[in-house]
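Chain by chain, the residues run as shown.
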Amino acid sequence: MKYRTIGTAPGTRREVSVLALGAMLFGSRTDEQTSFAVLDRYAEAGGTFVDTSDNYAFWEDGGQGGQSEELLGRWRRSRGVGDEIVIATKLGARPLAPGTGFVDNPEGLSAKVIRESAERSRERLGVDRLDLLYAHIDDHTVPQRETVEAFAGLVAEGTVGLLGASNQAVWRVERARAIAAAAGLPGYEVLQYEHSYLRPRLDVPGDLFPDGSLGAVGPEMLGYLRAEPGLTLVAYSPLLKGAYVRPDRLPAEYDHPGTPARLAALHEVARETGATVNQVVLAFQLGGALPVVPLVGASSVAQLEESLAAVDLELSDDQRFRLDSAH
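Peer 1: How should the overall build of the protein chain be read in this particular structure?
Peer 2: Secondary structure summary: the protein chain contains 11 helices and 10 strands in total. Relative to the 2.2 N^0.38 estimate, which gives 20 Å for 327 residues, the radius of gyration of the protein chain is 19 Å and therefore close to what a compact globule would have. Summarising its shape, the C-alpha atoms of the protein chain cover approximately 55 × 45 × 40 Å along the three principal directions. Residue burial in the protein chain is summarised as follows: out of 327 residues, 54% are buried. Long-range pairs, those at least 24 residues apart, make up 75% of the contacts in the protein chain with a sequence separation of at least 6. Total accessible area on the protein chain stands at roughly 14100 Å², and carbon and sulfur atoms take up 51% of it. Side-chain charges of the protein chain comprise 32 positive and 45 negative groups, with the mean position of each set lying 1 Å from the other.

Here is the structure:
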């Protein structure tokens, strides 16, 4: 395994494995025995960065979530896991009532919600401090200063370490960071967005983003990362939920004229290296110029093994150039 540092302040920054493990479906669609086996293998391989959320996986049973955090808490206790495993969680998108969702009825980012939701997450995970806490989605009904100050208050108390944001417009992230900086408060340092090798269309509207996607990395986010070296991108869905090996699963926003050329370059490099296309995608992110931590899911140990092998896959400069320039 290889490692990188996330965060900048000496008291909160953490060294984490370059490959993060997503626990979204652990405790729901992925049963406890399988979830524990995947977590055990990840830790055995040197993995130290596990990702969850307080709303995972509410859609599986029509509830409000919490299953993933609860399972991670049971795994930590049964294995005697301590601070060596960095667990990141999120708040803001938990449905306020069973049978609702984060589009129509999210908990939001008020000071009250941030404090209470963070406390519940600590209880479910069985930790005194959340290593990394994200604002899962944006909340335009609450003044950003209130949100910034509430997150910073938890850091000051020592119940939260690093702060992060996900699925927000870049300008909103920068505004929140500017508010924090002006007040001398900790701000967002880790950004979690959908990011893969294929480039999506960002103009496709959705229920959460009526003007087009704010949850996927585009040129604005890439430029922001280049300009702010203290930030780290955690890339969710890097393997597009299996679409690289199952083209029928390719999301609609990736079905555009630029995709075939990038897929052709990807398969060419995979043949040259003897690696799988999934491994090339992960290696492309891991060894790039920007600080990207791929966040992979796994519903079996075999799936995890494929991703772990990508950590040691070195792409040549020529291969990277061909991958990056295909369009």
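From this point, things continue past the structure.
Peer 1: Explain the side chain of Ser237 here, please?
Peer 2: Along the chain, the position of Ser237 falls in the loop between strand 9 (232-236) and helix 8 (259-273). Not counting the four nearest positions on each side in its chain, Ser237 is found in contact with Glu194, His195, Ser196 and Leu295.

Peer 1: Mind showing me how you'd approach the pairing of strand 7 (residues 160-166) here?
Peer 2: The two faces of a sheet get side chains in turn, since along a regular strand they alternate between them. The element strand 7 is largely enclosed, with a buried count of seven among its seven residues. Across five bridges, the pairing between strand 6 (residues 130-135) and strand 7 is parallel. Within strand 7, the residue paired with Tyr134 across the bridge is Gly164. Taken together, strand 6, helix 5 (residues 144-157) and strand 7 constitute a β-α-β crossover, and its handedness is right-handed.

Peer 1: Looking at this structure, I do not really get the pattern of salt bridges. What am I missing?
Peer 2: If you walk through the whole model with that rule in mind, you get 20 salt bridges. For Arg41, the salt bridge is made with Glu305, and the minimal N-O distance between the two is 2.6 Å. Here Glu305 lies in helix 10 (residues 301-309) and Arg41 lies in helix 1 (residues 32-44), a separation of 264 residues in the sequence. Among the residues examined, Glu305 registers a relative accessible area of 32% and is labelled partly exposed. Among the salt bridges present, the one from Lys112 reaches Glu116, with a minimum N-O distance of 3.1 Å. Taken as a pair, Lys112 and Glu116 lie in helix 4 (residues 111-125) at a separation of four residues, close to a single helical turn. Each of Glu268, Glu272, Asp318 and Arg322 takes part in one network of salt bridges that share partners.

Peer 1: Sorry if this is basic, but what is going on with the packing of aromatic side chains here?
Peer 2: Between two aromatic rings, the relevant description is the distance of the centres plus the angle of the planes. Enumeration over the complete set of coordinates arrives at five aromatic pairs. Their ring planes at 90° and their centres at 6.1 Å tell us that Phe58 and Phe102 sit as a pair that is edge-to-face. Highlighted residues: Phe58 in helix 2 (residues 58-61) and Phe102 in the loop between strand 5 (86-91) and helix 4, separated in sequence by 44 residues. Relative to Tyr188, the ring of Phe151 has its centre 6.2 Å away and its plane inclined at 70°; by these criteria the two rings are edge-to-face. With a gap of 37 residues between them, Phe151 in helix 5 and Tyr188 in the loop between helix 6 (170-182) and strand 8 (190-194) connect regions that are remote in the sequence. We classify Phe151 as buried; its relative accessible area is 1%. Overall, Tyr188 belongs to the buried group, its relative accessible area being 5%. Here a set of aromatic residues connected by ring pairs shows up, and it is made of Tyr56, Phe58, Trp59 and Phe102.

Peer 1: How should helix 4 be read in this particular structure?
Peer 2: The periodicity of an α-helix, 3.6 residues per turn, causes residues three or four places apart in sequence to face the same way. Between the first and last C-alpha of helix 4 there are 21 Å, a value that for 15 residues agrees with the 21 Å anticipated at 1.5 Å per step. Within helix 4, burial applies to Val113, Ile114, Ser117, Ala118, Ser121, Arg122, Arg124 and Leu125. Angularly, the buried residues of helix 4 cover 160° about the axis, an arc narrow enough to put them on a single face. Turned more than 90 degrees from where helix 4 packs its buried face, Lys112 and Glu123 sit exposed. Looking at the buried positions of helix 4, the neighbouring elements they touch are helix 3 (67-79), strand 5, strand 6 and helix 5. Just downstream of helix 4 lies Gly126, where phi reads positive at about 75°.

Peer 1: Even after reading the chapter, I still don't get the environment of Gly230, so can you show me in this structure?
Peer 2: Mapped onto the elements of the fold, Gly230 is located in the loop between helix 7 (219-227) and strand 9. Judged by its relative accessible area of 32%, Gly230 falls in the partly exposed class. Between the C-alpha atom of Gly230 and that of Ser166, which follows or precedes it by 64 residues, the distance is 16 Å. Apart from the residues lying within four places of it in its own chain, the contact partners of Gly230 are Thr8 and Glu189.

Peer 1: How should the pairing of strand 10 (residues 292-296) be read in this particular structure?
Peer 2: Burial analysis of strand 10 places five of its five residues in the buried class, which makes it a mostly covered element. Side chains Val292, Pro294 and Val296 of strand 10 all project onto a buried face; the interleaved residues Val293 and Leu295 project onto the opposite face, where all are buried too. Here strand 3 (residues 20-22) pairs with strand 10 via two bridges, running parallel. Bridge pairing in strand 10 places Leu21 opposite Val296. The pairing of strand 9 with strand 10 spans four bridges and is parallel. Of the residues in strand 10, the one forming a bridge with Ala235 is Pro294.

Calculation rules
Here, residues in each chain are numbered from 1, in the same order as that chain's written sequence. Whole-chain, interface and lining totals are the exception, using all residues; otherwise, since this is a predicted model, local features are given only for residues with pLDDT of at least 70 and side-chain atom pairs are given and counted only at 80 or more. Side-chain metrics rest on all non-hydrogen atoms present in the structure, leaving aside hydrogens and water. The secondary structure listing takes helices from DSSP runs of H or I that are at least 4 residues long and strands from runs of E that are at least 2 residues long, numbered from the N terminus. For the radius of gyration, the atoms used are the C-alpha atoms, and the globule rule reads 2.2 Å times the number of residues raised to 0.38. Between buried and exposed lies partly exposed: a residue is buried under 20% and exposed over 50% of the maximum accessible area for its type, with that area taken using a 1.4 Å probe on protein chains only. Here, residues are in contact when the closest pair of their heavy atoms is within 4.5 Å. Every accessible area reported is derived by Shrake-Rupley at a probe size of 1.4 Å, with residue values counting cover from the shown protein chains alone. The charge count includes Lys and Arg as positive and Asp and Glu as negative, but it does not include His or the ends of the chains. To locate a charge, the coordinates of NZ of Lys, CZ of Arg, CG of Asp or CD of Glu are taken. Strands are treated as partners if at least two bridges between them are detected by DSSP. Crossovers are described as right-handed under a simple rule: with the strands pointing away from the observer, the path leading from the first strand over the helix to the second runs clockwise. When a carboxyl oxygen of Asp or Glu lies within 4 Å of a side-chain nitrogen of Lys or Arg, that pair is called a salt bridge. For this analysis, a ring pair means two rings from Phe, Tyr or Trp (six-membered ring only for Trp) whose centres lie within 6.5 Å, classed as stacked if their planes differ by under 30 degrees, edge-to-face if by over 60, and tilted for the remaining angles. Take the number of residues in a helix, subtract one, and multiply by 1.5 Å to get its expected span. Taking the helix axis as origin, the arc is that swept by the directions to the C-beta atoms.

All quantities given are derived from atomic positions and should not be read as evidence of function.
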